[in-house]
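Spelled out, the chains give:
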Amino acid sequence: MSGTLQALIAEIRALRATYDEATARAALAARAAHLPPEKLARLEALIFLDGQVGNVTRAAGDPVQGQATLAGDSRLTGANVGVNQGTVQMFFGAQAPADGKELLDSYLRALVAEHGRLRLGKLLGKEQSGREQTTMPPISLLKVFTSLTTEALIPVEPFTPGPQELLEQMQAADPARVLPAEVRIPALDRATLRALHADERAAGWPERQIAADGAWITGRAPDEVWEAARRDLEGARLPQTLSGHWYRPEQPLDAIRACSRLVLLGGPGSGKSTLLRYLAVSIAEALLRGRDPAKPLPIPFFCPLGPVAGRLSNDPEGDLEALIDALLRPVLGPAGLRAGLRDSVLLAWRKGGALICLDGLDEVPGALEATTQGRRSRRERIAEAIRRLDRQLDRSRLVVTCRTRPYEQDAAWQLRDDWALRRLQPFAFGQARHFTRAWYAETCGSAQALYTSAEAEERAQRLVEVLERREVLRELTTSPLLLTMLALLDYNKEGDAREAGGCVRGAGQAAAGSLGRGALERCGSAPAEHRRAPGAAAVERRGSTPRVAPARLRGPPAGG
């Protein structure tokens, strides 16, 4: 590393220590704007994360063989060459077994095979005409996954334009048009805000609440914050020059990089499970492509918590062991085919070489039961097992998902202390636009496809136009569950895409009933928790796939 970069790192670290992380990040963005994305990402890791996350970089260009890059839509890309020696040594230690690489590759490939595709099966039953519907082509999770956001914003760079120029730059980064990585939301600096508030010219501009990890916690969806800022720009008498910082929506990977212990909350069907599967699969595939030995990625582990609860005895002392066994089961393989990995997995957990994804705390029963330690719910016991696991680990990262309402109902199963909390936010229309096009692009590449590439592209464009123009249907797109249902119906609907939009209003009613929250309002738009329920627009149902008829959803939808 050059002396210039070392000096820059020292300078930004000093700013972070003297002021706060937001100031340091803004200074880095200004000083290092000339650097390529991959070098900037490495600097951020060295300065803010002490290199603990691995060398995951944001890039807009083609991937380089042997590296994993995180594109603007949050996809990890690269060439598949198997785990490299650096990862092997991190995982097994100095004395790696002769078959260590083979065993690790086998586990990662099994992980990708298990979670890498959406379990959609047959989508539609027979219509009234009796026509048999076509089986859906296989859908790659990584191909259709659409980046999520949280209620936080993270700094990008400072600005000093005039109001009109600032407004034009905002319009080019509208959440209704672009993906979260490209969205830009302005925040005026404190001196400018004080002057404007005193003059009552921009009372709507919020003061920033900066979290310990440097994020601006807004408590609102990014598109709502963006729209409020746009209204203030258009309606206030502002000075000729404004100073402040651009922010962008925080994506879950940003939060995981910044917080080694993280709880992700979201409503039913919001994509929490799909998000964790995406993280596990994308990291596994990046590892299989090979990585820089100096910066190996953590090994991903995915565990649904519902089945763990079913294996608990009446003695809470064994709960941690049950959780660890559940985490190890897919690693060791059927009949212990990869049993040689057990000790190495436990070592990697202790040394910080793991990303442990625990999905669905809300799926664990919350009713009190008799145990050897009195009456306790299984959800409380699993939460305590997670706390005990946390205390046994050092630098490895833990992510837990849960529905919002169950998590907030009882402190007994909340994870506090060093655990950060983020709430997944609903889709802006830019995300819905991207998902719809990605969905159709992926469906046309199979012999089972109903449409050619050109037909799929045209159909996707028509559906986007209908969703954008019709307010009732556009409201559906904020829910990934309902957006996915709409795409399924439209794909299997003959004729104009607008006809499928009408079907979704009826299907939305059935979806709400399946989710246990009553009827959707306004012909398919959701009540409070559903209307702004976020998630990855890729819906799965554990075990089998729901069969969707045009006016109803048969069976429960995917767990969120």
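Please refer to the structure higher up on the page.
Parameters at a glance
- Residues numbered from 1 in each chain as written.
- Predicted model: local features only at pLDDT ≥ 70, side-chain atom pairs only at ≥ 80, totals over all residues.
- Heavy atoms only, no water.
- Helix = DSSP H or I, 4+ residues; strand = E, 2+ residues; numbered from the N terminus.
- Buried < 20%, exposed > 50% of the residue type's maximum accessible area, 1.4 Å probe, protein only.
- Lys, Arg positive; Asp, Glu negative; His and termini not counted.
- Salt bridge = Lys/Arg side-chain N within 4 Å of Asp/Glu carboxyl O.
- Contact = heavy atoms within 4.5 Å.
- Pairing = 2+ DSSP bridges.
- Axes fitted to C-alpha atoms, helices over the stretch in contact; angles between N-to-C directions.
- Core = buried A, V, L, I, M, F, W, Y, C linked by side-chain atoms within 4.5 Å.

**Details of the side chain of R379**
By the element assignment, R379 lies in helix α15 (residues 378-392). The side chain of R379 sits in the buried core without any salt bridge; D362 is the nearest counter-charge, 6.3 Å away. The contact partners of R379, leaving out residues within four places of it in the chain, are L361, D362, V364, P365, G366, P406 and W413.

**So, the sheet that holds strand β10 (residues 354-359)**
Judged by pairing direction, the sheet is parallel, and its 5 strands sit side by side in the order β9-β10-β13-β8-β14 without closing on themselves. Every other strand in the sheet has two partners, leaving β9 (299-304) and β14 (420-423) as the edge strands with one partner each. The average angle at which neighbouring strand axes cross in this sheet is 20 degrees, direction not considered. Bridge count between β10 and strand β13 (residues 397-403): 4 bridges; the pairing is parallel. The residue bridging L358 from the neighbouring strand is V400, located in β13.

**Quick notes on the nonpolar core**
In globular proteins that are soluble, nonpolar side chains generally tend to be buried together. Counting 105 residues, the largest nonpolar core has F301, W349 and L358 as the members making the most contacts within it. Examining the composition of this core, we find that 11 residues originate from one element, helix α11 (residues 272-289), more than from any other. With residues up to four places along the chain from it excluded, the contact list for F301 reads F91, Y107, L327, V331, V345, W349, A354, L355, I356 and C357. If you look at the next biggest cluster of nonpolar residues, it comprises 21 residues, including V156, F159, L188 and W216.

**Description of the pairing of β14**
Here β14 shows one buried face, formed by A420 and R422, and one open face, formed by L421 and R423. Of the pairings in the sheet, the one linking strand β8 (residues 261-266) to β14 comprises 4 bridges and is parallel in character. Each bridged residue has a counterpart across the sheet, and for L264 the counterpart in β14 is R422.

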